[in-house]
Amino acid sequence: MGPIERRLQRELKKWGKICLALIDSENFTPEKASKIAKKAENCDVAGILVGGSTALDQFHLKEVVDEIKKVVTLPVILFPNNVTGICPSADAIFFMSLLNSENPYYIAEAQALGALLVWKYKLEAIPVGYLVVGSGGTIGFIGKVRGIPPSKPSLAAMYSLAAHYLGMRYVYLEAGSGVTSHVSSDMVRKVREFYKGNLIVGGGIRTKEDAYEVTSAGADIIVVGNLLENEFFEKPLEEIVNVIRSVKSHDITR
Ligand code: 1GP
């Protein structure tokens with residue numbers, strides 16, 4: 001484990017559950033992105049993710065990350081959709097395999113193509129098994145995903161256990177950015193039963209009720225992205241951070 005992951009682990013130990021703010025680099029100018037990141041930091045999120053399902057402009061991504069780094073002390077972690085999601089100035093990268101893609105490119109090829117760049121930029125790689133549930137919105141389409149049917153929690157558990165056996169310290173259950181319903185508590189609970197690593201859940205989490213539901217079912221980390229595009233996101237984000245801290249944490253093998 002590198003220093004960024006250790007920092008996330010300290011936050012998890014302290015609070016039980018943590019929230020990461022996701023900034024889609026494509027949707028903001030670097031200045032706007034840095035303002036949002038600063039506001040999110042003031043809401044006490046544990047880190048800033050930067051990425052996006054169709055983010056392809058590496059120059060813009062770098063400008064976004066550079067501006068964010070100027071104003072926050074939180075770790076800035078890349079959340080790549082492809083090799084174009086890698087940039088040198090971030091602190092770490094979610095080194096993800098899209099386990100339920102039908103295209104091997106998203107399972108291992110993009111990772112192989114990007115690995116030397118991650119090494120060259122000295123980015124801390126955090127191993128993440130990425131699973132898309134349902135249609136998955138844009139990432140479902142781009143990643144040629146065979147979405148896990150929302151009514152089949154045991155399929156998600158199966159993949160998550162495989163991720164554990166493959167040594168992935170994190171599993172990310174993704175419903176897709178901006179979707180109307182987040183991953184169900186039934187699915188989170190089922191995955192939690194089998195997967196003892198760090199469970200991330202994202203997609204469609206906008207309210208404290210959503211956040212409470214997924215964390216009390218067993219998610220350790222929630223990701224909030226779309227909400228930050230709302231001008232008045234601070235109050236709901238603060239509520240989300242506060243409510244997840246009230247949830248009892250699970251017994252996690254870290
Ligand atoms: C998307 O899981 C993240 O990859 C966050 O989803 O944008 O819906 O919050 P939202």
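Conventions adopted
Residues numbered from 1 in each chain as written. Predicted model: local features only at pLDDT ≥ 70, side-chain atom pairs only at ≥ 80, totals over all residues. Heavy atoms only, no water. Patch = residues over 30% accessible without salt bridge, like charges linked within 9 Å, V, L, I, M, F, W, Y side chains within 5 Å. Areas by Shrake-Rupley, 256 points an atom, 1.4 Å probe, with all protein chains shown as cover. Salt bridge = Lys/Arg side-chain N within 4 Å of Asp/Glu carboxyl O. Lys, Arg positive; Asp, Glu negative; His and termini not counted. Charge placed at Lys NZ, Arg CZ, Asp CG, Glu CD. Helix = DSSP H or I, 4+ residues; strand = E, 2+ residues; numbered from the N terminus. 1 Å grid on protein atoms, 1.4 Å probe; cavity = no way out; pocket = protein on both sides within 12 Å on 5 of 7 lines; lining within 4 Å. Points joined across faces, edges and corners; volume = space filled by probe spheres on them. Nonpolar A, V, L, I, M, F, W, Y, C, P; charged D, E, K, R; others polar. Near = heavy atom within 4 Å. Polar contact = N/O pair within 3.5 Å; in protein donor to acceptor, adjacent residues only side chain to side chain. Sits in = over half its atoms within 2 Å of the grid points. Phe/Tyr/Trp six-rings, centres within 6.5 Å; stacked < 30°, edge-to-face > 60°. Buried < 20%, exposed > 50% of the residue type's maximum accessible area, 1.4 Å probe, protein only. Lys NZ or Arg CZ within 6 Å of the ring centre and 35° of its normal.

Asker: I would appreciate a short explanation of a negative patch on the surface in the present structure.
Answerer: On the surface, Glu26, Glu31, Asp57 and Glu63 cluster together to form a negatively charged patch. Topologically, glutamate 26 is positioned in the loop between β1 (18-24) and α2 (30-42).

Asker: What is the right way to read unusual backbone geometry from this model?
Answerer: Comment: phi is negative for the bulk of residues other than glycine, and the bulk of peptide bonds are trans. In this structure, aspartate 44 is a non-glycine residue whose phi angle is positive, near 75 degrees. Tracing the backbone shows aspartate 44 in the loop between α2 and β2 (47-51). One non-glycine residue, lysine 122, lies in positive phi territory at about 55 degrees. With respect to the helices and strands, lysine 122 occurs in the loop between α4 (104-120) and β5 (124-132).

Asker: I keep staring at the layout of surface pockets and nothing clicks. Help me out?
Answerer: Unfilled space is identified by rolling a water-sized probe across the atoms. Computed from the structure, the largest pocket encloses a volume of approximately 640 Å³. Lining the largest pocket we find 43 residues, and of these Phe79, Pro80, Asn81, Tyr130 and Ile139 sit closest to its centre. If you list the elements that add at least two residues to the lining of the largest pocket, you get β1, β4 (92-98), α4, α5 (137-142), β6 (170-174) and β8 (221-224). A breakdown of the residues in the lining of the largest pocket according to their chemical character gives 20 nonpolar, 18 polar and 5 charged.

Asker: Even after reading the chapter, I still don't get the site of the ligand, so can you show me in this structure?
Answerer: Not every one of the 13 residues close to the ligand is listed here, only the nearest: Glu174, Ser177, Gly178, Gly225 and Asn226. A distance of 2.7 Å is found between an oxygen atom of the ligand and a backbone nitrogen or oxygen belonging to asparagine 226. Put simply, the ligand lies in the largest pocket. Split by residue class, the shell around the ligand holds 4 nonpolar, 8 polar and 1 charged.

Asker: How should the packing of aromatic side chains be read in this particular structure?
Answerer: The geometry of an aromatic ring pair is captured by the separation of the ring centres together with the interplanar angle, meaning the angle of the planes. The final tally for this structure, using the stated rule, is 5 aromatic pairs. Pairing phenylalanine 79 with phenylalanine 94 gives two aromatic rings, centres 6.5 Å apart and planes at 85 degrees, and the pair type is edge-to-face. Here phenylalanine 79, found in strand β3 (residues 76-79), pairs with phenylalanine 94, found in strand β4; they are 15 residues apart in sequence, far enough to count as distant. Each member of the pair phenylalanine 79 and phenylalanine 94 is classed as buried. Taken together, a centroid distance of 5.3 Å and an interplanar angle of 15 degrees make the contact between phenylalanine 79 and tyrosine 172 stacked. Remark: tyrosine 172 occurs in strand β6 and phenylalanine 79 occurs in strand β3; sequence separation between them is 93 residues. We note that phenylalanine 79, like tyrosine 172, is buried. In this structure, arginine 245 is placed above the aromatic ring of tryptophan 15, and the distance from its NZ or CZ to the ring centre is 3.5 Å.

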